[in-house]
Structure formats: structure tokens, C-alpha cells
Amino acid sequence: MSAWSRSVWALPILIACGGGTDDGPSASEPASPAAERVVDLSPWDVPLEVNAPGTLADSLQVEWNEEFGQLEVRGGEHFSLVVVEAPGDIARLKADLERDLLRTHEVLAEEPGLLIYRSAFPDDPDLVFVHGYRELRVGDRSFVVETHPQGHFNEAEVEVMVRAVVPREGA
């Protein structure tokens, strides 16, 4: 194999590992497993940012879903959010959960503007879903951040997701 061929094969490895760039940690500064990557949502006219956990930072994808009028933020199998510009209403969500005749619901965490809850089908104990809902206000605009309704997450994953989205500095 020629030197040129070896360098062509090494290039993707260097790029994937951060070699050849100045924006990563130096050899004297080991990368922290808890490092985050900030993903700015302003290209979609959303003054928020996602502080993606280090393990998901490289796989994070942002996509506008025209059909539902929502921004979808995904990273791997365990990070999937929906962002909608709308006034939040946790009281209404809780009332909807109480009226649900098919599932039982348990509030796991509640703070002003944040709700994490578990939903289960009484007839099938394996069908348990944990979801999060968060209200964010930036200036005169209101946003709702929710875990993707089709996602299957555990409580720790939901906690990370709903707290990962924050108002963008300077917005």
C-alpha cells in the first residue's frame, strides 16, 4: 500500500477522532465524557439551543417537520425531542392525563414549567413510557419542548432531554 493510500484511509479516522483540528481538547487536556456540544436552533427561527450530551453530540440531527409544524431534534435511539412554538399549559396536560381511560399516569417530577411523567397500560406492565414536557419563554415568544411521543425512554434519559434545551444567549 502506498503512502498516499495509507493517508487516504487514515483521513476519516483522523476526522472522526478530531485529529488535525484546533477546536478539540489538546493532548494535555483529555476529553471529558460529560462534554457537551451546543446546537443552535436559530437557523429554524427558534431562539433556543440544545446542550447535547457528549455521547450524542456527534449524532444530533435537527429537522423541520412541515406536516406537524414542529422542529425535531434527534440523537441516537435515546434522545428525541419535539419543539413547538406555542404557549405551554401543564395544567391542561395533567387534566388530559387524568382523563385518559386507557393508561395510568404517574407524575415523577414537577417544577414550574416542567413535568416528567410515566404512562403505563394496566393490562400490560411491559408497556411503560416516560415522557417530559417543558415550557420555555424567550422574549415575547413561548415554546413547548417535549420528548418525542413515539419515543421509548427511561427516566434518566427524559431528565437529560428536557433540561438540554435552553434559551439561546443574546436572544
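None of these values were measured; they are calculated from a predicted model.

### Section: the overall build of the protein
Working step 1: A count of helical and extended segments in the protein gives three helices and ten strands.
Working step 2: Ordered by position in the sequence, the α and β elements of the protein form the string α-β-β-β-β-β-α-β-β-β-β-α-β.
Working step 3: Counting every position in the protein, which comprises 171 residues, the buried fraction comes to 35%.

### Some points on unusual backbone geometry
Working step 1: Positioned with a positive phi, Asp-45 is a non-glycine residue whose angle comes to about 60 degrees.
Working step 2: Tracing the backbone shows Asp-45 in the loop between strand 1 (36-40) and strand 2 (48-53).
Working step 3: Asp-45 gets classed as exposed once you look at its relative accessible area, which sits at 54%.

### Notes on the side chain of Ser-142
Working step 1: Structurally, Ser-142 can be placed in strand 9 (residues 141-147).
Working step 2: With a relative accessible area of 18%, Ser-142 lands in the buried category.
Working step 3: Polar side-chain contacts of Ser-142 include one of 2.4 Å to the side chain of Arg-137.
Working step 4: Ignoring anything within four residues of it in the chain, the contact list for Ser-142 reads Val-84, Glu-85, Ala-86, Pro-87, Leu-136 and Arg-137.

### Some thoughts on the environment of Ala-52
Working step 1: Along the chain, the position of Ala-52 falls in strand 2.
Working step 2: A C-alpha to C-alpha distance of 9.0 Å links Ala-52 and Val-160, two positions 108 residues apart in sequence.

### Side note on helix 3 (residues 155-164)
Because an α-helix packs 3.6 residues into every turn, residues spaced three or four apart end up facing the same way.
Working step 1: Here helix 3 has its buried residues at Glu-157, Val-158, Met-161, Val-162 and Ala-164. Buried residues in helix 3, looked at end-on, bunch into an arc of 155 degrees, giving them a common side.
Working step 2: In this structure, the buried side of helix 3 is in contact with strand 2, strand 5 (80-85), strand 7 (114-121), strand 8 (124-138), strand 9 and strand 10 (165-167).
Working step 3: Here helix 3 starts with a cap whose side-chain oxygen sits 3.1 Å from the backbone nitrogen of Ala-156, and that cap is Asn-154.

### Considering the environment of Val-46
Working step 1: Mapping Val-46 onto the fold places it in the loop between strand 1 and strand 2.
Working step 2: Separated by 121 residues in the primary sequence, Val-46 and Pro-167 have C-alpha atoms spaced 9.1 Å apart.
Working step 3: Sequence-distant contacts of Val-46, that is, excluding residues within four places in its chain, are made with Leu-41, Leu-71, Val-83 and Phe-143.

### What to know about the side chain of Asn-65
Working step 1: If you trace the backbone, Asn-65 turns up in strand 3 (residues 61-65).
Working step 2: Only 3.1 Å separates the side chain of Asn-65 from the backbone nitrogen of Glu-67, close enough to count as a polar contact.
Working step 3: The contacts of Asn-65, once residues within four sequence positions are left out, are Gln-70 and Glu-72.

### Things to note about the confidence of the model for the protein
Working step 1: Looking at the protein, the pLDDT average stands at 80 and 77% of residues meet or exceed 70.
Working step 2: Low confidence marks residues 1-33, where pLDDT is under 50. Its contacts with residues over four positions away, or in another chain, come to five contacts.

### Some remarks on the pairing of strand 8
The side chains of a regular strand alternate between both faces of the sheet.
Working step 1: Of the strand pairs in this sheet, strand 7 and strand 8 are connected by eight bridges, and their pairing is antiparallel. Note on strand 8: the bridge partner recorded for Ala-120 is Val-128.
Working step 2: Joining the antiparallel neighbours strand 7 and strand 8 is a turn of two residues.
Working step 3: Bridging between strand 8 and strand 9 involves six bridges; their strand directions are antiparallel.

### Focus on helix 2 (residues 90-99)
Working step 1: Residues of helix 2 that are buried include every one of Ile-90, Leu-93 and Leu-97, and no others. Mapping the buried residues of helix 2 onto a view down its axis gives an arc of 60 degrees, with all of them on the same face. Across from the buried face of helix 2, at angles greater than 90 degrees, the exposed residues are Ala-91, Arg-92, Glu-98 and Arg-99.
Working step 2: Looking at the packing, one finds that the buried side of helix 2 touches strand 6 (104-111), strand 7 and strand 8.

What counts and what doesn't
- Residues numbered from 1 in each chain as written.
- Predicted model: local features only at pLDDT ≥ 70, side-chain atom pairs only at ≥ 80, totals over all residues.
- Heavy atoms only, no water.
- Helix = DSSP H or I, 4+ residues; strand = E, 2+ residues; numbered from the N terminus.
- Buried < 20%, exposed > 50% of the residue type's maximum accessible area, 1.4 Å probe, protein only.
- Polar contact = N/O pair within 3.5 Å; in protein donor to acceptor, adjacent residues only side chain to side chain.
- Contact = heavy atoms within 4.5 Å.
- Arc of directions from axis to C-beta.
- pLDDT = per-residue confidence, 0-100.
- Pairing = 2+ DSSP bridges.

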